[in-house]
Every structure is written in C-alpha cells, then in structure tokens.
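Residues per chain are reported as follows:
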Amino acid sequence: MKNELTIVGSGLTGPLLSTILSKNSNLKINIFERASDPRKLNQFSGRSINLALSKRGIQALKFAGVYNKKFESLLIPMHGRSIHSIHGDITFQPYGNKKEHFINSVSRLDINKTLMNFAEKMGNVNIHFEMKCKKADLVNRKLYFDKKNININSPIIGADGYRSIISKNISEINGNKLDYVDIEHSYKELTINSKNGEYQMDPNSLHIWPRRDMMMIALPNLDKSFTCTLFMKSNGENSFEEIKNSQNLIQFFEKNFNDSIPLISNLETDFFKNPTGKLTGLRVPTWSYKDRGLVIGDAAHATVPFYGQGMNASFEDCRIFGEKLQNEKQYNWDEIFHKFYINRKKDADAILDLSLDNYRVMRSDVLDKKHIQKQKLAFILNNDFPDYFIPLYTMVSFTSIPYATVLERGKIQDMILDDLLNKKYDKEKVSKIIFKHLTKISTD
Ligand SMILES: Cc1cc2nc3c(=O)[nH]c(=O)nc-3n(C[C@H](O)[C@H](O)[C@H](O)COP(=O)(O)OP(=O)(O)OC[C@H]3O[C@@H](n4cnc5c(N)ncnc54)[C@H](O)[C@@H]3O)c2cc1C
C-alpha cells in the first residue's frame, strides 16, 4: 500500500502526473479511465480539438522528460494575435517583445496519446480503460465502477476533469459545496479546411474575430486546417439560441464574420452537427481528504479557456506535486496532499479570475486604441525595467510566476500604465514610480 497510488482519469493530467511520479519514485500506479483507449480507436471525444501550450506546460513536460524533438514536432508556434476586423482587414498584435514569446497550438488527441505512451513506458503505470467510476467512497476506500466495485488500499488521486467524482466525494465528506462558475457564454467548434494542401490563413498566429459581445478564434492544426471556436451567449440577443436554421446562420455570419464564410466550407454542417459546449469554471473548496484522496488538474480547479491556461495550469500542478514528492523519504500522504493544496489553491483561484477577465480583453479590448497603447507602453516599460515590469500576458504565458502573484502585480501594473499613458515618457521619473510600486522579480 505504501508504494501504490490509484489515479482516476487518463486525460491530460493523469498520464503526465503518473509519468512524473513513477520517474522520481518507486510507486506502482493504476489509472482508471472511463473512455476506450484513443490510440486504438483513433477517435476523439473530449473538450476541444486543439489547445494552446505555453511555458508552464512545457516546463512540466520537460520535468517529466516528455518534451523531446518528437514532441516538439507536434507543435505549431503562434507569435501573436491576428485580429480580423468586421470589414475583413487583419492586423497583428504580438504576444511579447522577445523572440521566445510565442504559444503553441497542439492537438488534444496527439498530446493525450503521447502522454499515455510515456506513462506506460515507465513500466510501473497501468492504464485500465472503459472503467467509468460511478461513485467514490474515500472513507471506506472504495471505488464503484459500472461492472464491479473495487476496494482500494492506496491513496486515490482524482484527475477526472471538471465533473470529477473524486472532488464530489471529498466535498461531501468535508461538508462543503463545489463552486461551479457558469458564464452565460457557450462555444461551438467549426473547421477551416486546407485549400490545395495549404493553410488558408497565416498558421503562426492565433486568429481572433473580436465582436465585443462575442468572438471567434482559430488555431492551426498540423494537417493545415484550423479549428475555429465561436464563443457567444447561450440565450438572448446574438446567441446560439437565435440561430435556428441555415438562413439565420448565413445572415448571422454575413453580418459578423463575413470574411470567414469562404474559409469555412462546411459551415452549415459544422454548426448544426457539432455540439454547443458550456463554459464552466470550478473552485473546489478543499482538495484532499486525509491520506485517502486528492484532486488535481481540472478536477480541482477548472478555468474558462480565455487565457489558454487550463491544461498549462494542470501540468504545472503535476510538476509542483512531483517536485514536492522528490524530497520525501516516506510517503506521508496526508501531509503531502494538504501541503500541495495550501501551496496551490490561491494560484488556482487566481487563474480563474485572470481568465474570466481576459475574455473581455480578447473579445473587446483588443479593438480599443487605449488598450493597444497600453500594450505598447507595457513593452517599453519591460524593456527599460525588465526585472520589475513584466506585461500581464507575458507573466501568465511566458513565466512561471505564481498566478496569484501575477494577478496582484497585474493590477498594480495596470494602475501604472493608466497613470503614465499620454504623458511624456521621462525614464528618470518613471523609474521612481516603478521602484515605488513594484519589487524585483525573476521571470524563471
Ligand atoms: C473549449 C476549450 C478550450 C480549451 N483550450 C485550452 C488551451 O488552449 N490551453 C489550455 O491550457 N487549456 C485549455 N483548455 C482547458 C483544458 O482542456 C483542461 O484544463 C484540461 O483538459 C484538463 O485536463 P484534465 O486531465 O485535468 O481533465 P480532462 O482533460 O477533462 O480529463 C479527464 C479525464 O478523466 C476521465 N474521466 C472523467 N470522469 C471519469 C470517471 N467518472 N471515471 C473514469 N474516468 C473519468 C475523462 O474521460 C478524461 O479522460 C480548454 C478547455 C476548453 C473547454
């Protein structure tokens, strides 16, 4: 029992966590996954087709030994945002002021399959597919599956996503309520296919059609297609509910995303066939129960996708948890779980706040002159005071500064930007303001 661990969920977090843990310990790990093995079926039934991978995720993949040349070949760099105006013209806004400031588009299926392969290659990780956990009873150390119930004599880690059975059980035991943060917007995925074997738009940027109360984005895929995600309200004006037939759809697209119509060749089929997904954040009040169980990744803290950080934050969880375990001689799980929760909870809460706020930035602020000026000024301040002023997007995507610190410093920096905007730039005076409000910080 001392050297065993059970994980529920073999999505993105479960296999990475087990790779890290089995690399740095002699733990024997069993993973139970409700779905079939995607490597055999080659089909996908997940939350989104592609994802943006950035520094925090890469750092964790490197820590696990997963980030090799083959892995890198799955990534498409995106250096900034290509903003599609309502009239069809495109402007480019870089993500950062350094050449290494780019994020990467990656297929969820590819990354999932790669992580499962790595986990299994460790030799002490077993993934059991088609094992849907219906109920967890951590008090009595039992997991209930469709066909059988299993007594589990090891700690159980829930990596079973935002509708986690393990989070539910931990919350019931601790007498608290899961805090789901539902926003009034939903999403739908559409495809821009390749044309004559080529991408139809620049593949090295994240495309955005910001329309104030809604937006569409597109991320490139290796097969030269793009996956678009349309975000808008579920009900009311300009909402999914309003689009009932082909005529409504075409009129809506002609009005709002006209330049994308020739690109999305199967617009009608995609729109009416593909599901409309809900966007839900989650704050789990307590992440562990004694030495019996812990939740990690989306099961502990799901966020909305507007900073592209859900997977990155989940991977960062795995690295932080793995680093903690590296120094343990004896597995005092109660203490390990509790310390992890204390260390990480405030950051998990912060990335949800940051992500909710970034939806406004993406669908609306990027269109505003003031926002663009502030972004330019932020790069100037970063060039002049690189150890003090780090633009918000840079802190989130290109550093591993804890999210709670990012949130706090982001507010101070925003105040400084508002104060300096439209004033003559005097480096001497500016330095006084910077040093008064910000401390030196490492970007590693
Ligand atoms: C539209 C959208 C876009 C996104 N874009 C990005 C992005 O660009 N960048 C980014 O970093 N993040 C993004 N995310 C967030 C990202 O998808 C999640 O943070 C990530 O998938 C979390 O991984 P996870 O393994 O914790 O959970 P999941 O990926 O949800 O995996 C959970 C696993 O557990 C299994 N499971 C669930 N319940 C049970 C059960 N009862 N029994 C057994 N198995 C079970 C599931 O089948 C699944 O395999 C996006 C999310 C959405 C919805």
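Residues numbered from 1 in each chain as written. Predicted model: local features only at pLDDT ≥ 70, side-chain atom pairs only at ≥ 80, totals over all residues. Heavy atoms only, no water.

Trainee: How should I be thinking about the environment of lysine 244 in this particular structure?
Mentor: By the secondary structure assignment, lysine 244 is in the loop between strand S16 (226-233) and helix H7 (246-256). Polar side-chain contacts of lysine 244 include one of 3.4 Å to the backbone oxygen of glutamate 241. (Helix = DSSP H or I, 4+ residues; strand = E, 2+ residues; numbered from the N terminus. Polar contact = N/O pair within 3.5 Å; in protein donor to acceptor, adjacent residues only side chain to side chain.)

Trainee: Explain the environment of proline 391 here, please?
Mentor: With respect to the helices and strands, the residue proline 391 is situated in the loop between helix H12 (369-384) and helix H13 (392-398). Classification of proline 391 by relative accessible area gives buried; the value is 7%. (Buried < 20%, exposed > 50% of the residue type's maximum accessible area, 1.4 Å probe, protein only.)

Trainee: Is there a simple way to think about H7 in this case?
Mentor: The periodicity of an α-helix, 3.6 residues per turn, causes residues three or four positions apart to be oriented the same way. Of the residues making up H7, those classed as buried are Leu249, Phe252, Phe253 and Asn256. Projection of H7 onto a plane perpendicular to its axis shows the buried side chains occupying an angular sector of 95°, all on one side. Opposite its buried face, H7 presents the exposed residues Gln247 and Lys255, each directed more than 90 degrees away. Buried residues in H7 make contact with strand S13 (179-192), strand S15 (215-220), S16 and helix H8 (267-273). (Arc of directions from axis to C-beta. Contact = heavy atoms within 4.5 Å.)

Trainee: Hey, could you run me through unusual backbone geometry in this one?
Mentor: Negative phi is the rule for most residues except glycine; trans is the rule for most peptide bonds. At arginine 141, a position not held by glycine, the phi torsion is positive, near 50°. Position of arginine 141 among the secondary structure elements: in the loop between strand S9 (133-137) and strand S10 (142-145). Within the chain, lysine 224 stands out as a residue other than glycine whose phi angle is a positive 75°. Summarising the element assignment, lysine 224 is placed in the loop between S15 and S16. We classify lysine 224 as partly exposed; its relative accessible area is 28%.

Trainee: Would you mind going over the site of the ligand with me for this structure?
Mentor: Close contacts around the ligand come from 31 residues, with Thr13, Glu33, Ala52, Arg108 and Asp298 the closest. Within the backbone of glycine 308, a nitrogen or oxygen atom sits 3.1 Å from an oxygen atom of the ligand. Where the shell around the ligand is concerned, the elements lending two or more residues are strand S3 (50-53) and helix H10 (310-326). By residue number, the principal contributor to the shell around the ligand is H10, which donates four residues. In terms of residue class, the shell around the ligand is made up of 12 nonpolar, 12 polar and seven charged. (Near = heavy atom within 4 Å. Nonpolar A, V, L, I, M, F, W, Y, C, P; charged D, E, K, R; others polar.)

Trainee: What should I look at first to understand the sheet that holds S16 in this one?
Mentor: Sheet strands pair by backbone hydrogen bonding; their relative direction is either parallel or antiparallel. In space, the seven strands of this open sheet follow the order S6-S5-S14-S15-S16-S13-S17, with mixed pairing throughout. Of all the strands in the sheet, just strand S6 (90-94) and strand S17 (277-283) have a single pairing partner and so form its edges. Across the sheet, the mean angle separating the axes of adjacent strands is 30° when strand polarity is ignored. Pairing between strand S5 (residues 80-84) and S6: five bridges, direction antiparallel. Opposite histidine 84, over in S6, you have isoleucine 90 as the bridge partner. (Pairing = 2+ DSSP bridges. Axes fitted to C-alpha atoms, helices over the stretch in contact; angles between N-to-C directions.)

Trainee: Help me out: how do you make sense of the environment of aspartate 349 in this one?
Mentor: Structurally, aspartate 349 can be placed in helix H11 (residues 333-363). Under the relative-accessibility criterion, aspartate 349 is labelled partly exposed at 22%. Along the backbone, aspartate 349 and isoleucine 390 are 41 residues apart, and their C-alpha atoms lie at a distance of 21 Å.

Trainee: Got a minute to help me understand the packing of helix H1 (residues 13-23) against helix H3 (residues 55-64) in this structure?
Mentor: What describes two packed helices is the angle between their axes and the distance between those same axes. Two numbers describe how H1 lies on H3: the axes approach to 9 Å, and their chain directions differ by 40°. What the angle tells us is that H1 and H3 run oblique. The element H1 and its partner H3 pack so that their crossing is left-handed. The residues of H3 that touch H1, namely those facing Leu16, Thr19, Ile20 and Lys23, are Ala60, Leu61, Phe63 and Ala64. Of the residues in the contact of H1 with H3, the class split is six nonpolar, one polar and one charged. (Parallel < 35°, antiparallel > 145°, perpendicular 65-115°, else oblique. Left-handed = near helix turned anticlockwise from the far one by under 90°.)

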